[in-house]
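Each chain is listed here by its residues.
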Amino acid sequence: MIRHIAIVLGVVALGGAAWWLLPSSTYISNRSIESPGHPVGALPPPRTGASGLKGVSNEDVKHANLSLDRIAGASVQEVYDLLASRNPEEIALLVQQLQDLTFGGLSGAKIDLVFKAWAQLAPQDALKTALSFRSGWARSRALEAIFDGTSAGTAAFLVNSLTLTGDEAMSPSLKQQLLSKGLSKWSEADPAAAANFLASLPVSGLSAETWRQVAENWAAQDPAAALDWVQKQTTSDFGRTAMQGMISGWWQKDPQAAQAYSASHIDTLAGQQSASVLANRMASSNPEEAAQWATQLTNQNARQMSEMTVAAGWAANDPRNAAQWAAGLPAADQEAALSAVAGIWAKSDPQAAGEWLGTLSGEARDSAVASFASAVAPVDPAIALSWALSASSPTIREEAARHIANDWLTRDPSAAKTWIQQSALSETDKAQLIGPSVPPP
Amino acid sequence: MQEKEKTMKANLKKIITCVCVASVLAAASFASYTRYDWNGGGWSGSWVSSGTWEGDIYFSGGEVVQNNLVRMKNLP
């Protein structure tokens, strides 16, 4: 049922998108019938005119607008080729039109394309122009496109420029997001410099995800240097996350050495968490080997955590075999692994996952059921609530049902209340989920 | 009359665009970046715990993005 709904929604979205984009696509497909003197997207030679821009006429503006219309259906490479064929004044004219666009999906798509392409061609000009945009939404969109489109080699320039930019140009959250993207790209080209820059920023400045990516990129190139850097990050709250990224990158470079290092450090919390990340990476390429590696870990925390992440990684590609393996683990290790499988499988194939849940029993089933219900709840809260209420453990049943009901009551109070009131639940359970009914005056 | 038709078509486009965006967002939520909490009997995100772990773990599909799980105290 859920799958059918998703398919229908997808078809509607694709159909609508195709209809919306049809005019732009037509422009592109008409490229071959354009007059040779005016290829698609080409701007006329610069002239002096009354447009307000130096060397630009009203006719130029008219042609520039035409180019913008055609850009909407082009690829980044096509726009790059267009920009590369024009001089800076012509590019400025084209980009000038972007900031006057009205807010909307098509306008945003045009800004994305132009600034992604321009960031590859002339990142300095692109950044300067984006920051000069009057419209806040267009400025934000252009900045995001620049950081998305830039190469690893120019990311350092962008990151350094951004740190010198005043706070009035963008929100703190956007600045952090851009810095995070830029640092991740920078670390692909020069991880040592990116890592040291990251460590020099205020501790609360960037997300843990940035630390993980920088450490991962560095370790994929030079594990010893990355390990040394990670071990020095003791003052940062993100040191453990950086360690997880480091072990992941190290494994890409030298799997045997990474596994040996991880196995020798599983007595610490950071080592246990890192081992689980390593096991998860192994599971993506060889789940059987990852499963064997995880189950032989002698440290209980490391073993159960790793079995859980192996199950998750395995279930993403092959849920049936992942489920079979998790169900065969010792009873004490099943809960986390089965829950992982249930949560991942429920999102890819809820029908099959639900049938598999019927084969489980006991405490492990309860955790898996709650995980399944939680994963299904955003799509079908009624089904999710039914599953949650089937758990035999009162604690799990009540907690799962309460959270699903609270979320549903927030999103669609009328439907949620109707379902709960018409359900076979006891009056006590109903009152717990939607609150006590108020007696009539 | 032509102007009216143009306006109607523009409005129709806007409506269809809104529906499309909503549909895409709904479909995208199937594969969204997910945070799983294990917090001692309670939960938020997509998994529930019977009380073994506390903290959270972040997944993108089946890949662990970040693991902050800690085994709960007073457990064997």
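Residues numbered from 1 in each chain as written. Chains lettered and ligands numbered in written order. Predicted model: local features only at pLDDT ≥ 70, side-chain atom pairs only at ≥ 80, totals over all residues. Heavy atoms only, no water.

Here we come to the packing of aromatic side chains. All names here are of chain A. Inspection of every chain in the model, using the stated rule, returns eleven aromatic pairs over all chains. With 5.5 Å between their ring centres and 90° between their planes, Phe115 and Phe133 make a pair best called edge-to-face. Taken together, the positions of Phe115 in helix H5 (residues 105-121) and Phe133 in the loop between helix H6 (123-132) and helix H7 (136-149) put the pair 18 residues apart, joining distant regions of the chain. Neither residue differs from the other here; Phe115 and Phe133 are each classed as buried. Taken together, a centroid distance of 5.6 Å and an interplanar angle of 40° make the contact between Trp345 and Trp356 tilted. Of this pair, Trp345 sits in helix H19 (residues 331-348) while Trp356 sits in helix H20 (residues 350-357), placing them eleven residues apart in sequence. One exposure class covers both Trp345 and Trp356, and it is buried. Ring pairs connect the aromatic residues Trp211, Trp218, Trp229 and Phe238, which therefore count as one cluster. (Phe/Tyr/Trp six-rings, centres within 6.5 Å; stacked < 30°, edge-to-face > 60°. Helix = DSSP H or I, 4+ residues; strand = E, 2+ residues; numbered from the N terminus. Buried < 20%, exposed > 50% of the residue type's maximum accessible area, 1.4 Å probe, protein only.)

What follows concerns the environment of Ser75(A). Residues and elements named next belong to chain A. Structurally, Ser75 is set in the loop between helix H2 (58-71) and helix H3 (76-84). For Ser75, a relative accessible area of 32% translates into the label partly exposed. For the pair Ser75 and Ala117, spaced 42 residues apart in sequence, the C-alpha separation works out to 9.2 Å.

For the rest of this paragraph, the subject is helix H9 (residues 172-189) of chain A. All names here are of chain A. The end-to-end C-alpha distance of H9, which contains 18 residues, comes to 26 Å, matching closely the 26 Å that a straight helix rising 1.5 Å per residue would cover. Taken residue by residue, H9 has Leu174, Lys175, Leu178, Leu179, Ser180, Gly182, Leu183, Ser184, Lys185, Trp186 and Ser187 as its buried positions. Lining the buried residues of H9 we find H7, helix H8 (152-163), helix H10 (191-200) and helix H11 (208-221). (Expected span 1.5 Å × (residues − 1). Contact = heavy atoms within 4.5 Å.)

Another point: the nonpolar core. Residue and element names in this part refer to chain A. Counting 135 residues, the largest nonpolar core has Phe115, Leu183 and Met246 as its most contacted members. In terms of residues, this core owes the most to one element, H19, which gives nine residues. Discounting chain neighbours no more than four positions away, the residues touching Phe115 are Val95, Leu98, Ala126, Thr129, Ala130, Phe133, Ala142, Ala145 and Ile146. (Core = buried A, V, L, I, M, F, W, Y, C linked by side-chain atoms within 4.5 Å.)

All names here are of chain B. Across chain B, pLDDT averages 56, with 25% of residues at or above 70. Per-element mean pLDDT across chain B ranges from 51 in strand S1 (residues 34-37) up to 88 in strand S4 (residues 63-67). Across residues 17-33, where pLDDT falls below 50, the model places 20 contacts with residues more than four positions away in sequence or in other chains. Long-range and interchain partners of residues 37-46, a stretch whose pLDDT sits below 50, account for 49 contacts in this model, where long-range means more than four residues apart. Confidence estimates for the predicted assembly give a pTM of 0.72 and an ipTM of 0.72. (pLDDT = per-residue confidence, 0-100.)

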